[in-house]
Amino acid sequence: MTDVVDPYRVLCVVGARPNFMKTVPVVRELAARDGFEPILVHTGQHYDAGMSTVFFEELGVGAPDHLLGVGSGSHAVQTARVMERIEPVIEAERPDLVLVPGDVNSTLAAALVAAKLQIPVGHLEAGLRSFDRTMPEELNRILTDQLSDLLFIHSPEARDNLLRENVDGHAIHAVGNTMIDTLVAMRGRIDATDLAGRLGVEAGRYLVVTLHRPALVDTPLLADAIRALEQIGTDLPIVFPCHPRTRARMASLGVSPSPERVQLTDPLGYLDFLGLVAHARAVLTDSGGIQEETTFLGVPCFTLRDNTERPVTCEIGTNVLLGLAPERILEVPALIEERAGVTHRAPDGWDGHAAVRVVDVIDRFLTDARVPAAPAVAYQT
Ligand code: UD1
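Below, the discussion takes up the packing of helix H7 (residues 178-191) against helix H12 (residues 270-278). Direction vectors running N to C along H7 and H12 enclose 85 degrees, while the axes themselves pass 10 Å from each other. In this view, H7 runs roughly perpendicular relative to H12, as classed from their interaxial angle. In this structure, H7 contributes Met179, Thr182, Leu183, Met186, Arg189 and Ile190 to the contact, and H12 contributes Tyr270, Leu271, Leu274 and Gly275.

Written as structure tokens, this is what we have:
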């Protein structure tokens, strides 16, 4: 009779929009391999159809095994709710590893609960640092990395950042970028979308704008940014898919851009959004993930922040940091011209195969953990 070996059970936690694209390739890879069983938990930090459901449908991953329904709240409330609701799930499932992506509140909450239950934690996109502790994401990143046993990095400076914080170098694994895996896998379907056509803007001639960070949209700077966009929108058509936080802030500030110059849309699904970006003249954003996606696609990106936790996108990609300075939006048309023909490349491991490398590392880690310790006394024959 052969021994039946239990599969390795990996509980993957997603919560907010960018998490889905980072995690799904790993869930798929786990599901495809013998000896692994993925368990997908969605905290419900994002919950609107346009912020959540559409991604599950498009990425074809099926419904999550557990939906925690935490919704919105202050940072403390949201983080605490994830912790309260995920603890019984982890206790019941007893996974071999908990995998968390990125830097949102759900990421930190799940990592902390797992670590206290003595379940090993793997962190996708470890080691990114903006060195700006006023960003909630920076605190989430630092703490999640400290709690993790496996640190999956996708750019070289992440290793230096982690070593500076005294994490064990053996825990760091350069695997590449799983979010780019999703882009590569979906490229055909992305290219088949024609949202630009439906919106009446010409491919290669419009600017895509996304702004959602509190440092910008929860301040009067948002009104300055909208005014600057209206100004450049006379010559450069603008499409602005609007995060619900930004939409609400515009309403409370009483600003609404003229639709002939700035087309606001509801949040877009993954395929439509990436299709829009792939055919854009340029992108203006304060998002982290979009700095990476434009780097991969070779689309000029202007980042309206003082810092980036993704410096590799500026060093070898297409990204330019404008600063948290809405008046610099007026320079974007000239900067686009200046940057025409600037060379760029994708960082190593942004190649569509990162999830395979992630699961290889998990396999080795869990196999080593299962090997029984050598007996203390050698047996005589
Ligand atoms: C969160 C992440 C941020 C990430 C972003 C991606 C944290 C600290 N922040 O920011 O790092 O870049 O997701 O979008 O985790 N709302 C809805 N419907 C939804 C979700 C949110 O209307 O489905 C509204 C609510 O008014 C909510 C606000 O958006 O209060 C903010 O949502 P929240 O999840 O707190 O943070 P994000 O700004 O989305």
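Okay, the nonpolar core next. Of all hydrophobic cores here, the largest spans 54 residues; its most connected members are Phe152, Tyr270 and Ile362. Apart from residues lying up to four places away in sequence, phenylalanine 152 is in contact with Leu99, Gly122, His123, Leu124, Glu125, Ala126, His173, Val175, Val358, Val361 and Ile362. Core analysis: the second largest hydrophobic core is formed by 29 residues, Leu236, Ile238, Met250 and Leu322 among them.

A separate point is the sheet that holds strand E4 (residues 97-101). Taken together, 7 strands build an open sheet; the order of strands is E3-E2-E1-E4-E5-E6-E7 and the sheet is parallel. Looking at strand neighbours, the two that pair on one side only are strand E3 (66-67) and strand E7 (172-174), the edges of this open sheet. As defined by bridge partners, strand E6 (residues 150-153) adjoins E7 across 3 bridges and the pair is classed as parallel. Of the residues in E7, the one forming a bridge with isoleucine 153 is alanine 174.

Below, the discussion takes up unusual backbone geometry. A positive phi angle, near 60 degrees, is found at glutamine 118, a position not held by glycine. Note that glutamine 118 resides in the loop between helix H4 (105-116) and strand E5 (121-124). Here the phi dihedral of asparagine 166 falls at roughly 65 degrees; this positive angle occurs in a residue that is not glycine. With respect to the helices and strands, the residue asparagine 166 is situated in the loop between helix H6 (156-164) and E7. Look at asparagine 166 and you get exposed, because its relative accessible area is 69%.

Turning our eyes to something else, we now look at the site of the ligand. In the vicinity of the ligand lie 20 residues, with His46, Glu137, His212, His243 and Arg245 positioned nearest. In this structure, tyrosine 47 approaches the ligand through a main-chain N or O atom, which is 2.9 Å from an oxygen atom. Contact between the ligand and arginine 245: an oxygen atom at 2.8 Å from a side-chain N or O atom of the residue. Relative to its free-state accessible area of 740 Å², the ligand is covered by the protein chains to the extent of 85%. Here the ligand occupies the largest pocket. Of all the secondary structure elements, the ones that give two or more residues to the shell around the ligand are helix H1 (17-32), helix H3 (75-93) and helix H11 (244-253). Looking at the shell around the ligand residue by residue, the classes come out as 6 nonpolar, 8 polar and 6 charged.

The rules behind each value
Residues numbered from 1 in each chain as written. Predicted model: local features only at pLDDT ≥ 70, side-chain atom pairs only at ≥ 80, totals over all residues. Heavy atoms only, no water. Axes fitted to C-alpha atoms, helices over the stretch in contact; angles between N-to-C directions. Helix = DSSP H or I, 4+ residues; strand = E, 2+ residues; numbered from the N terminus. Parallel < 35°, antiparallel > 145°, perpendicular 65-115°, else oblique. Contact = heavy atoms within 4.5 Å. Core = buried A, V, L, I, M, F, W, Y, C linked by side-chain atoms within 4.5 Å. Buried < 20%, exposed > 50% of the residue type's maximum accessible area, 1.4 Å probe, protein only. Pairing = 2+ DSSP bridges. Near = heavy atom within 4 Å. Polar contact = N/O pair within 3.5 Å; in protein donor to acceptor, adjacent residues only side chain to side chain. Areas by Shrake-Rupley, 256 points an atom, 1.4 Å probe, with all protein chains shown as cover. 1 Å grid on protein atoms, 1.4 Å probe; cavity = no way out; pocket = protein on both sides within 12 Å on 5 of 7 lines; lining within 4 Å. Sits in = over half its atoms within 2 Å of the grid points. Nonpolar A, V, L, I, M, F, W, Y, C, P; charged D, E, K, R; others polar.

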